[in-house]
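# Analysis of the macromolecular model
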Amino acid sequence: MAYRPLADEIRPQTLDEVVGQQHILGKDGLLRRLIEGGDVPNLIFYGPSGTGKTTVANIIAQKTHRPLHRLNATTASISDIKAIMEQIGTLMAPEGVLLYLDEIQYFNKKQQQSLLEFMENGKITLIASTTENPFFYVFGAVLSRASVFEFKQITPQETLPAVQRGLSILESRLGTPIHCEEGVQEHIAAACGGDIRKAMNALELLAGTARSREGFLEIALADAETAAQKSAMRYDREGDSHFDIASALMKSMRGSDPDAALHYLARLLEAGDLITAIRRILCSASEDVGLAYPQAALIVKACVDNALQLGLPEARLPLAQAVILLATAPKSNTAYMGIETALADVRAGKSGEIPRHLQNVHADSAGQEREQGYLYPHDFPRRWVQQQYLPDALKNRVYYQYGDNKTEQAAKKYWEEIKK
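Attention here is on the structure that accompanies the text. (Residues numbered from 1 in each chain as written. Predicted model: local features only at pLDDT ≥ 70, side-chain atom pairs only at ≥ 80, totals over all residues. Heavy atoms only, no water.)

## Section: the overall build of the protein chain
When its secondary structure is counted, the protein chain shows 20 helices and 8 strands. Computed over its C-alpha atoms, the radius of gyration of the protein chain comes to 31 Å, more than 25% above the 22 Å expected for a compact globule of 420 residues. The C-alpha extent of the protein chain, read off along each of the three principal axes, is 95 × 60 × 40 Å. Partitioning the intrachain contacts of the protein chain with sequence separation of at least 6 by distance along the chain shows that 73% fall at a separation of at least 24. For the protein chain, the computed accessible surface area is about 23400 Å², with 52% contributed by carbon and sulfur atoms. Seen as two clouds, the 45 positive and the 51 negative side-chain charges of the protein chain have centres 5 Å apart. (Helix = DSSP H or I, 4+ residues; strand = E, 2+ residues; numbered from the N terminus. Rg over C-alpha atoms; globule rule 2.2 N^0.38 Å. Contact = heavy atoms within 4.5 Å. Areas by Shrake-Rupley, 256 points an atom, 1.4 Å probe, with all protein chains shown as cover. Lys, Arg positive; Asp, Glu negative; His and termini not counted. Charge placed at Lys NZ, Arg CZ, Asp CG, Glu CD.)

Structure representation (structure tokens):
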């Protein structure tokens with residue numbers, strides 16, 4: 001008998017057996033109602049690998065009694081699709097076909113455009129899948145002719161029943177009871193990162209190498225930890241997860257949640273992405289803490305320098321220090337708001353001539369210096385004198401607003417006393 005991977009053997013045959021995705025496949029889920037209605041439109045499934053996209057396509061084929069053809073966009077061409085089209089109307093596909101196109105993001109714009117003629121004649125129903133955001137990677141005309149459904153990462157709680165079912169299948173296949181040390185099933189369910197295929201592959205490996213005891217096979221927790229090592233990491237430096245984790249790190253620091261900030265820092269470091277972590281940390285020091293605690297920028301820069309000199313894994317220590325400092329520091333975005341407002345004016349063409357008394361005297365034409373009328377602040381009491389610095393067109397414009405933190409309020413009080 002030919003070998004059949006456990007991940008294929010455990011594949012659900014009905015919607016009720018699909019793990020997770022209750023938001024679209026639950027009792028009142030929209031995708032479930034579409035499938036059960038039998039009139040399935042062109043679909044795009046978007047989400048991480050191992051979350052059931054191919055499984056649902058198989059179930060749709062069974063429900064609609066149409067042959068399912070699978071192509072992968074990394075290797076397929078338009079000629080492959082044309083070959084499938086030739087079957088339509090024959091005994092092989094009298095009612096049309098379902099085309100499951102995996103990784104559609106690897107089709108270029110011209111290839112995606114060529115799909116349109118096949119999608120519009122009604123004899124072929126396209127089900128495309130992608131691990132990337134389709135609104136960034138799929139051509140607009142294709143998107144407008146399809147319904148997009150997001151498949152979300154499966155939680156460990158949702159994965160655990162599949163792990164238990166996989167163990168039952170392996171026991172039947174091997175003809176021997178399998179005993180798992182405490183925590184084995186839970187560890188596999190958590191460590192697979194929501195990818196059922198990875199969980200089943202780990203189970204097969206563990207069952208095949210399990211120690212034989214008196215009448216049963218025993219799977220040790222230490223072996224499970226080794227087999228599933230780092231499999232929970234979902235990270236692609238060019239994909240959505242890269243930007244999502246970086247965004248979550250910065251927003252957690254901004255939101256003054258040191259625990260969440262450490263979690264997202266750990267995810268970046270575990271993936272070996274030191275640079276993204278450093279960039280977000282450096283940015284947050286000025287954008288989110290800013291003038292409420294100006295010394296934070298100096299401390300964070302020192303932590304970053306240490307991290308770069310140490311390298312991973314020791315770099316985690318100064319970066320953790322920086323992240324906790326920023327998350328627990330008082331916050332001010334006045335510097336950020338000030339420069340953004342100033343940039344908006346410049347981009348809108350609001351500038352004007354620099355006041356004469358601020359111009360560089362050495363830049364006068366033909367070397368002829370003219371009287372500027374500049375008042376040197378250090379010649380006046382308390383090192384300040386009233387004079388115009390902005391161009392005439394913007395002379396009353398205010399870009400910087402003092403924050404309500406202790407540091408900026410102290411500076412505000414200081415200058416109010418001087419300038420009054």
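## Remarks on the packing of aromatic side chains
Under the counting rule described, the total for this entry stands at 3 aromatic pairs. Ring centres of Y414 and W415 lie 5.0 Å apart, and the angle between their planes is 85 degrees; on these two criteria the pair is classed as edge-to-face. A relative accessible area of 39% means that Y414 is categorised as partly exposed. For W415, a relative accessible area of 29% puts it in the partly exposed group. (Phe/Tyr/Trp six-rings, centres within 6.5 Å; stacked < 30°, edge-to-face > 60°. Buried < 20%, exposed > 50% of the residue type's maximum accessible area, 1.4 Å probe, protein only.)

## Focus: the pairing of strand β1 (residues 43–46)
A two-sided burial pattern is seen for β1, the buried positions comprising L43 and F45 on one face and I44 and Y46 on the other. Note: β1 against strand β4 (residues 124–130), 4 bridges, orientation parallel. Looking at the pairing, F45 lines up with S129 of β4. Both β1 and strand β5 (residues 147–150) contribute to a ladder of 4 bridges, which runs parallel. Bridging from a neighbouring strand, L43 pairs with S147 of β5. (Pairing = 2+ DSSP bridges.)

## What to know about the sheet that holds strand β7 (residues 211–212)
Reading across from one edge, β6-β8-β7 is the order of the 3 strands in this open sheet, with mixed pairing throughout. Because the sheet does not close on itself, it has two edges, and the strands there are β6 (178–180) and β7. Note that β6 and strand β8 (residues 217–219) share 3 bridges and pair parallel. For I178, the partnering residue across the bridge sits in β8 and is L217.

## A look at the sheet that holds β5
Here 5 strands make up an open sheet; going across it, the order is β2-β3-β4-β1-β5 and the pairing parallel. A single partner strand is all that each edge strand has here, and the edge strands are β2 (68–72) and β5. Going across the sheet, the axis of each strand differs from the next one's by a mean of 20 degrees, ignoring polarity. Across the sheet, helix α5 (residues 78–85) lies against β2, β3 (97–102) and β4, angled at about 175 degrees from β2, the strand it touches most. (Axes fitted to C-alpha atoms, helices over the stretch in contact; angles between N-to-C directions.)

## A closer look at helix α18 (residues 316–328)
If you check α18, its first and last C-alpha atoms are 18 Å apart, about what 13 residues at 1.5 Å a residue would give, namely 18 Å. When we look at burial in α18, the residues that qualify are P318, L319, A320, A322, V323, L325, L326 and A327. (Expected span 1.5 Å × (residues − 1).)

## Re the pairing of β3
Of all the 6 residues making up β3, 5 are buried; the element is thus mostly covered by neighbouring parts of the structure. Two elements, β2 and β3, share 5 bridges in a ladder whose sense is parallel. Bridge pairing in β3 links N72 to D102.

## Let's talk about helix α16 (residues 274–289)
Between its first and last C-alpha, α16 extends 22 Å over 16 residues, near the 22 Å set by a 1.5 Å rise per residue. Listing the buried residues of α16 in full gives L274, T276, A277, I278, I281, S284, A285, E287, D288 and V289. Backbone geometry just after α16 places G290 at a positive phi near 50 degrees.

## Observations regarding the state of the cysteines
On inspection of all chains with the given rule, the structure shows 0 disulfides. C303 provides the cysteine sulfur closest to C283, a residue in no disulfide bond, and the two sulfurs are 17 Å apart. (Disulfide = S-S within 2.5 Å.)

## A closer look at the pattern of salt bridges
Taken as a whole and judged by the stated rule, the model has 12 salt bridges. For the salt bridge of D16 with R32, the shortest nitrogen-to-oxygen distance reads 2.6 Å. In this pair, D16 is assigned in the loop between α1 (6–9) and α2 (22–25) and R32 in helix α3 (residues 30–37), connecting sequence segments 16 residues apart. Accessibility expressed as a relative area gives 12% for R32, which makes it buried. The shortest N-O distance in the salt bridge between R213 and E218 comes to 3.2 Å. Through salt bridges with shared partners, a single ionic network connects E9, R173 and E204. (Salt bridge = Lys/Arg side-chain N within 4 Å of Asp/Glu carboxyl O.)

## As for the packing of helix α15 (residues 258–270) against α18
Here α15 crosses α18 at 150 degrees, and the two axes come no closer than 9 Å. Here α18 runs roughly antiparallel to α15, going by the angle between their axes. Every pair of crossing elements has a handedness; the one defined by α15 and α18 is right-handed. When α15 is examined against α18, the residues P258, A261, L262, L265 and L269 are found in contact with a partner set consisting of R316, L319, A320, V323, I324, A327 and T328. Of the residues assigned to the contact of α15 with α18, the class counts are 10 nonpolar, 1 polar and 1 charged. (Parallel < 35°, antiparallel > 145°, perpendicular 65-115°, else oblique. Left-handed = near helix turned anticlockwise from the far one by under 90°. Nonpolar A, V, L, I, M, F, W, Y, C, P; charged D, E, K, R; others polar.)

## Regarding the environment of G208
Position of G208 relative to the elements: it lies in helix α12 (residues 196–208). Sequence spacing of G208 and T176 is 32 residues, and the spatial spacing of their C-alpha atoms is 12 Å.

## Describing the environment of L358
In this structure, L358 sits in the loop between α19 (334–347) and α20 (406–419). For the pair formed by L358 and L375, sequence separation is 17 residues and the distance between their alpha carbons is 9.4 Å. Setting aside residues up to four positions removed in sequence, L358 forms contacts with Q372, Y374, Q388 and Y389.

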